[in-house]
Amino acid sequence: MNTSSQANPPLIIIGNGMVGHHLVEQLIERGATEHYRITVFGEERHRAYDRVHLSEYFAGRDAQSLALCDADFYAEHGIELRLAEEVTAIDRDASEVITDRGRYPYARLVLATGSFPFVPPIPGHERDHCLVYRTLDDLDAIRAAAADATTGVVVGGGLLGLEAANALRGLDLDTAVVEFAPRLMPMQVDTEGGELLREKIEALGVQVLTDRATQRIEDGQASFHRMVFQDDKVLETDLIVFSAGIRPRDQLARDCALDIGERGGVVIDDRCLTSDPAILAVGEVALWQNSIFGLVAPGYQMAKAAADTLLGGELTFDGADMSTKLKLLGVDVGAIGDAHGNRNPGARTFRYLDELKQEYRKLVVSGDGRKLLGAMLVGNNDAYDTLMQVYANGLELPEDPAALIVPSSEGAPTLGADALPDEATICSCHNVTKAAICESLDAGAMDLGAVKAETKASTGCGGCAALLKNVVDHELEARGVEVDQSICEHFAHTRQALYDIVRVEGIRTFGELIDKHGVSETPGLGASSAPTLGCDICKPAVASILASCFNEPITDAAHIPLQDTNDTFMANMQKNGTYSVVPRVPGGEITPDKLMVLGQVAQKYALYTKVTGGQRIDLFGARLEDLPDIWGELIAAGFETGHAYGKSLRTVKSCVGSTWCRFGVQDSVGMAIRLEHRYKGLRSPHKLKFAVSGCTRECAEAQSKDIGVIATEHGWNLYVCGNGGMRPRHAELFATDLDDAQLITIIDRLLMFYVRTADRLQRTSVWRENLEGGLDYLKAVVLEDSLGINEELEAQMQTVIDNYECEWAGAINDPEKLKRFRSFVNDARPDPDIIVTEERGQLRPA
């Protein structure tokens, strides 16, 4: 709490964005509230929020969850936060800022006004439903406009433009991107990278129009707008979002005659001082050595320097690296240093392009091949962290620099934590070095959480999380501290160790496991007692282990207290408290009769219906008390649970294969159905997805699945350990030209070895990455039986298969289990707080 008197000089900060807020944090950390009376003005109604993850606003996050601090953070530290109050002028002669509510004196002033979206002066740009993508209010306007739209266009194919396109796509609009340059993201990628990026984004259903200059926007015929381009070609759309770059918000500085750059921006020196020594500027409004820095990390570094300046320190801002690691519409893009190779005369380049996997990598190295000057990655950012550390720390390249970007190459440097110098930057957002992390450990931090709290590493964009953990673990071990790999505080064992204990000792309940092997303050719990101990980490993990080993019904009395909400009610809980029901549709094949039943059930219970990416039909909006009746009708029609709620096999996607397709060489549908029925009861550390393609045209996208099967003229090729989601990974070729029996045997072994050895909630791709020896080791275990366990793995899989039963059927046939399906324990009435509204002919949460 601020204890300073009113005699302290007033410090005003204009702007409450990410950089302005970080400045406040730096001032608090340095005790500035004892020296200044601090007032912060923010023109938005929301307190500072995370713009880096702004697109998640359309995925269910709100202003509260995006906020960078608690609501009372500023008041707790004696700082006045004035939201929804725009500063309209600065009176330098009177040392006052002016708003529509009054005049406020300052002794020191900081401009943290950021930037605004640039809207090209295209005739018609001011029309209704022509919007920008910058603030939460902008996103609210886009959402409102999208409610009456079916199509949307983003003008601008840079970083923010592709983020905006992802937002429109998330609002179920047919989306296009229009870019003036000849390629997407021209600042980050070259021609080859841009072409690959275009292919990947178009494959997601987003139309890409490059080299297009919009001449005017006018009334459309079939849509609200018609965009007319330089070649008189047209594109009609209902909604236009401009995201063609940013401009510094320097109008306040212009009006009070501060020095401004030729192309905008408030000129600052190394201490963030403007031409008026009483006024500082930080973030995207500031121009340092003719450069505007449009990333959050340089803004944070400016904020640190500005805070030091305000308190009489000597810390300076010396520029910032603009390297970036991004995921745009699920596509990895990375750019490091001089990625284009145009800033270093005599530089040499290495390029790697895999058109099948759609990956592009480029190295820019010094003329003598010893130093990395820049790098470019499209489609796979796995090498980014290693390349970034090589670049940032000036490490010498291997004799063959191409080893850094060619898959499975020999000679690439192994960059463990011990190879990084002390000055290596681990977290660029907060400029945290390896030395700073070591200092926090030496000062008493004993785990990752304590290091993050002390240094703020990995609390910005989060991209350094994996590297930070590796450094912390390595440094703790170097100090003689045993790094605790326990699953949680209740078990001094890893998930793999718990699995082995359960298998070897034949333990079948959580109670028995924690009684014999847990860290318990209540000894003698006993196998027959209810599992009252444990936490949300170990209980679901043990539930999964028990199901993987014995496949007893998860809804049995001994197991139900271990399950999370989705497994407890065998359906996925949605945002309004209702549930979604997903029956299994093996291989995506379904009869007309079953399709009609799904429609009838959806009509009867007023369910929202959606075809999923895994070739199933999802029924949303089921009330808890209706679930047993819905399941009963589906089971009567021949359906069973699709396990969409569990960490288990979800789907086996297929094309039509040789049954219908003129290119198909094998019956992909038949194999998909066979695989789905075989593994449908398998519980695993994480969800599993399969696909079977009937030829190398790969219509089922098998190479992005945990298990991918592609037909050849001689049998099947097996790909393993891929996945989509937040961190997509291509599957790797594991075995070729397998017959049906060989294929299934190998999948049996591989899946059970994964179940045995993976960590909790670890995808197959991450598991494979962490295996010492990698893919070759996995091949040796599964294909060559190097550990002598294949017979046991096959037997374990057969046990799971033999003990399968439909969990829905088990619940509706047990009166005790049915008692759980009511909204209130003492009342059979439905939940009155579930409110829905109609949209596009179906009901959705209000």
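Given the structure is predicted, the values throughout are model-derived calculations rather than measurements.

Conventions we followed
Residues numbered from 1 in each chain as written. Predicted model: local features only at pLDDT ≥ 70, side-chain atom pairs only at ≥ 80, totals over all residues. Heavy atoms only, no water. Axes fitted to C-alpha atoms, helices over the stretch in contact; angles between N-to-C directions. Helix = DSSP H or I, 4+ residues; strand = E, 2+ residues; numbered from the N terminus. Parallel < 35°, antiparallel > 145°, perpendicular 65-115°, else oblique. Left-handed = near helix turned anticlockwise from the far one by under 90°. Contact = heavy atoms within 4.5 Å. Nonpolar A, V, L, I, M, F, W, Y, C, P; charged D, E, K, R; others polar. Pairing = 2+ DSSP bridges. Phe/Tyr/Trp six-rings, centres within 6.5 Å; stacked < 30°, edge-to-face > 60°. Buried < 20%, exposed > 50% of the residue type's maximum accessible area, 1.4 Å probe, protein only. Lys NZ or Arg CZ within 6 Å of the ring centre and 35° of its normal.

How do you make sense of the packing of helix α1 (residues 18–29) against helix α8 (residues 296–310) when you look at a structure like this?
A packed helix pair is summarised by two numbers, namely the angle formed by the two axes and the spacing between the axes. Between α1 and α8, the shortest axis-to-axis distance is 8 Å and the interhelical angle comes to 40°. The orientation of α1 relative to α8 falls into the category oblique. Seen along the crossing, α1 lies across α8 with a hand that is right-handed. Touching Met 18, Val 19, His 22, Leu 23, Gln 26 and Leu 27 of α1 are Val 296, Gly 299, Tyr 300, Ala 303, Lys 304, Ala 306, Ala 307 and Leu 310, all from α8. In terms of residue class, the contact of α1 with α8 is made up of ten nonpolar, three polar and one charged.

Honestly, the sheet that holds strand β6 (residues 102–105) in this entry has me stumped. Any pointers?
Backbone hydrogen bonds are what pair the strands of a sheet, in a parallel or an antiparallel way. Read across the open sheet, the three strands follow the order β4-β5-β6; overall the sheet is antiparallel. One side of each edge strand has no neighbouring strand; the edge strands of this open sheet are β4 (87–91) and β6. Here the average twist between neighbouring strands, direction ignored, is 25°. Bridge count for β4 against strand β5 (residues 96–99) is four bridges, and the pairing is antiparallel. Bridge pairing in β5 links Ala 89 to Ile 98.

Looking at this model, I keep getting lost on the packing of aromatic side chains. Mind explaining?
Both the distance between ring centres and the angle between the ring planes are used here to describe each pair of aromatic rings. Going through the model one piece at a time under the given rule, you end up with 15 aromatic pairs. Here the aromatic rings of Phe 569 and Phe 821 are separated by 5.7 Å at their centres, their planes lie at 70°, and the arrangement is edge-to-face. Residue Phe 569 is found in helix α16 (residues 565–569), and its partner Phe 821 is found in the loop between α26 (815–818) and β37 (836–839); the two are separated by 252 residues along the sequence. The exposure class assigned to Phe 569 is buried, which follows from its relative accessible area of 15%. The class for Phe 821 is buried, based on a relative accessible area of 5%. Taken together through their ring pairs, the aromatic side chains of Phe 569, Tyr 579, Trp 631, Trp 808 and Phe 821 make up a single cluster. Directly above the ring of Phe 550 sits Arg 508, whose terminal nitrogen or CZ lies 4.1 Å from the centroid. One Lys or Arg, Lys 594, reaches over the ring of Phe 639 and ends 5.1 Å from the middle of that ring.

Sorry if this is basic, but what is going on with unusual backbone geometry here?
Where the residue is not glycine, phi is negative for most of them; where a peptide bond is considered, it is trans in most cases. Backbone geometry places Ala 84, a non-glycine residue, at a positive phi of 55°. Along the polypeptide, Ala 84 turns up in the loop between β3 (80–83) and β4. Under the relative-accessibility criterion, Ala 84 is labelled partly exposed at 40%. For Gln 615, which is not a glycine, the phi torsion comes out positive at approximately 65°. Among the structural elements, Gln 615 can be located in the loop between β30 (608–611) and β31 (617–622). Relative accessible area serves as the criterion here: at 27%, Gln 615 is assigned to the partly exposed category.

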